[in-house]
Each structure stands twice: as structure tokens, then as C-alpha cells.
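Observations on chain architecture
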Amino acid sequence: MENRIETKCLHAGWTPKNGEPRQVPIYQSTTFKYDSSDDMGKLFDLEASGYFYSRLQNPTNDYVAAKLTALEGGYAGMLTSSGQAANFFAVFNICESGDHFIASSSIYGGTYNLFGVTMKKMGIECTFVDQDASYEELKAQFRPNTKCIFGETITNPTCSIIDFEKFSKLAHEMGVPFIVDNTFATPVNCRPIEHGADIVTHSTTKYIDGHASGIGGAIIDSGNFDWMKYADKFPGLTTPDESYHGLTYATKFGKAAYITKATAQLMRDFGAIQAPQNAYYLQLGLESLHVRMQRHCSNAQKLAEFLENDDRIAWVNYPGLKSSKYYDLAQKYLPNGTCGVMCFGLKGGRNVSVKFMDNLKLISIVTHVADAKSCVLHPASHTHRQLTDEQLLEAGVAPDLIRFSVGLENVDDLIDDIKQALDNI
Ligand SMILES: *Cc1c(COP(=O)(O)O)cnc(C)c1O
């Protein structure tokens, strides 16, 4: 019988045998010892599975990745050194120079830059689309060399919800995988694979770690995409890899092909692996994720309602509010709650928003979201500082927009802090 999500948060991945440690051991070792040269040789040929060098794989990471894979309902998974590395690997594993892919324009700024600027220099072109565009409008963006379509379950920072049904149907009609960054929702509130996504990525730096202690990322593959059916499109998976004596990932590894290739090629060559110590912190975070997400969501719901009812607030964007454009999609795909992040603006615009933030005492100004302590950020003065007001609007970031990440504090203390900050403007 399969355990429910809360139980998986605690028990999936590492299952100690008689007399073994209760908690996942940290394999603080760069390398691993073998009895014969032949034993080790088989690992280098991918003929046997095992560990030889922690730039590619480490047992601590794999136990933690196995837990996250179980939570997402995936087939295989891996940890990366950051969310940026996860999204880069997820796309680069199936795209090469001359290829094209499609991404929602509402995604996290760091990913937007990676896809639009840095990957462009590698000869890979990304078309950014309005994720609320119609099926036909989105379909018109596909080209013969399009290799995947990418979106976020809940976008950072604008809190839009992706229409999974529309995106997965489109991806599969066009014969490409649908990749979803599930960072803000976490597998506790949404499991994209259940809604047709093929590959899921995470910045574990956010809710999964949950305590602002370690940067990390993850990729989880459903194993559902049939690479061989579109063999011409994905030669990296369906034709021999000369760097491994001509083995073909899709035929040799089946449902594990995508993650095996990302580990054997990309981790080998780029080395963006997570330190086992950080994987251990991540594992601690996963154990309480289901409890924390509930509190993040209930606190955020109360605060969103409080802000919406205060005359001094111009607008609030939180998908748990009935007034939200994304309320129905949130109810459909995230019925237990979305996340603790919302955006709002103050009447009077940019300068009033900044004054308000400076008045906050408990809620701090930090470049982070989605951890245990409440925080705010003003993209127009911080992350998007170099943009003019017109450019900000183009990026979907209003000049008065405050990104508010609601933590686990007593919600009345948070409301008190907001009240005093508003009163003192
Ligand atoms: C933060 C974030 C990233 C990047 O993750 P890092 O761990 O900071 O590299 C990617 N996607 C989303 C949705 C994020 O919020």
C-alpha cells in the first residue's frame, strides 16, 4: 500500500536496515573504494550502478532525491547545486545548439535570464509566451526544432497559476515534454506529474529547505515521455553517446534514461552537484514540509484578506483570494492551498510602498522568499532596479509591487506589524 504524502515526507527515500542510522547518513566523501579495477571499470562504462566520485553522484544526495521523487510521484530524480542548475540541466539535457524551446514569460527572473540571455549564447533560442494565451496562440509558437515547453506551477513573483491541462495537452500534441518548476507549490500542494507534466524541477532553496540555510535544486522525471517515439527530435537520448562507448540512453535505461543522461553527462561535465551536507539539511526540511506548508498557506490567506480589506492598499494578488484571476485554477490544481507568497501595492505608488517597507519591524527586507521567517522585497528597487517604470510594467512587475513572503510566525503579530507600518507612513 502506498503511503500518503505526509508519511512520505518522513519515510520515503532512506529506509534503514537493522542497526543502521535512523537519519540519512552524510557521506562526506569525494570518492569511493573498490576491490578490483574491473569493478570500478564497470561503473565508468555505466554497466553497473554505484558511486565513484561525488562530482557525479553521492549516496546522501540520492537518498534525498529518492524522497523528493516519491513525493512528486516521479520515476527518477537528482539533486543539483541550485535551482538555476536544475532548470539549466532540465532543458540542456534535451536541447543543443540550433534548438528552440518555449517558456512562460512570467517565470522567475533568474530563469528568464538563463533562458533568454545565457542559453542564447549557446545557440539555444527561447520564445517567451503569455501563459494565459489561448491553446491556438501557444501552438503557433512551435517550430520544427522546438524541444520542450516550460512553466512554473505558481510564478515567482506574480503568483500566476499555470493551466496544466492546456500546457500538457499542447506539449503532447506537439511531441515534446512539458517541464514544470514546482518550487512555490512544493509536492505537498501540487504534483505536476498528476496533471500531465513530464519533468519537474525545484529550487529546494525555498520551502523545501524552508529555513534559508542552503542553496539547492532538484530534477524529477516522470519517466512518461516516450523519447524513442520522437527519436529524431532527441538524438542525445536516442542515438549512441560516444563519451560512453556508444551506449544509447533511451534503449539501455528506459524510464531512467533522462536522469541517467543528466547525471552521466551534465553532472560529469559541469559538476553542479549539491554538497551532501546541504542534501542533509534539505532532508530535514522535507520531514516537516507538509506541516509548514499548511501554516504558510493559512497565514497567507488571513494576511491577503486583511490587506484586501484595508483602504490604504491599492491591490493584492494572491491566488487564494476570490478576487484573483487565478482563483479557479488554484482551486482546481491546488485545492489544499497555494503557497505563502503574495504581491500587493499601496495607494500612492512606488514611494509609499518603499516607505511602508522601511517601517516594518518584524517582517524583514531580504532577497529571499519562501522560508520560515516573513520577509518582503520591492523588485523595482532591488532585483529589477536597473529597469525603468515602462520596462518594469513590460516585465509584469508594477513599480509599487511588494513581494511578501509569509512565514510561520503567529499571524496576529504579522498583522500588527503591517498595521503599525501603515499607520506610520
Ligand atoms: C529561486 C528560484 C529559482 C532559482 O533557484 P536558486 O536555488 O536560487 O538557484 C528557480 N525557480 C524559482 C521558481 C525560484 O523561486
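Source: prediction; values computed, not measured.

A few points about the domain arrangement of the protein
For the protein, the assigned domains are domain 1 (31–284) and domain 2 (290–423). On the domain 2 side, the residues contacting the 28 residues of domain 1 number 29 residues. Carbon and sulfur atoms make up 62% of the area that domain 1 and domain 2 hide from each other, which totals about 2500 Å². Contact with domain 2 buries surface across domain 1, with Ile-161, Asn-189 and Tyr-207 losing the most and accounting together for 29% of the total. Here domain 1 is connected to domain 2 by 2 salt bridges. As a salt-bridge pair, Glu-165 and Lys-332 come within 2.7 Å of each other at their nearest N and O atoms. When contributions to the side of domain 1 that touches domain 2 are tallied by element, the ones reaching two or more residues are helix H7 (164–173) and helix H8 (186–189). A per-element tally of the side of domain 1 that touches domain 2 places H8 first, with 3 residues. Here the residues of the side of domain 1 that touches domain 2 are counted per class, giving 13 nonpolar, 10 polar and 5 charged.

Focus on the pattern of salt bridges
The final tally for this structure, using the stated rule, is 13 salt bridges. Measuring nitrogen to oxygen at the nearest pair gives 3.2 Å for the salt bridge that ties Arg-143 to Glu-125. Of this pair, Arg-143 sits in the loop between helix H6 (135–139) and strand S4 (146–152) while Glu-125 sits in strand S3 (residues 125–129), and the two are 18 residues apart along the sequence. A residue is classified by how much of its surface remains accessible, and Arg-143, at 36% relative accessible area, is partly exposed. Judged by relative accessible area, which is 38%, Glu-125 ranks as partly exposed. A salt bridge links Arg-191 to Glu-194; its shortest N-O distance comes to 3.0 Å. By relative accessible area, Glu-194 is classed as exposed at 54%. When salt bridges with common partners are traced through the structure, they connect Asp-310, Arg-312 and Asp-423 into a single cluster.

The rules behind the values
- Residues numbered from 1 in each chain as written.
- Predicted model: local features only at pLDDT ≥ 70, side-chain atom pairs only at ≥ 80, totals over all residues.
- Heavy atoms only, no water.
- Domains from an automatic or database assignment.
- Contact = heavy atoms within 4.5 Å.
- Buried area = accessible area lost by both parts, 1.4 Å probe.
- Salt bridge = Lys/Arg side-chain N within 4 Å of Asp/Glu carboxyl O.
- Helix = DSSP H or I, 4+ residues; strand = E, 2+ residues; numbered from the N terminus.
- Nonpolar A, V, L, I, M, F, W, Y, C, P; charged D, E, K, R; others polar.
- Buried < 20%, exposed > 50% of the residue type's maximum accessible area, 1.4 Å probe, protein only.

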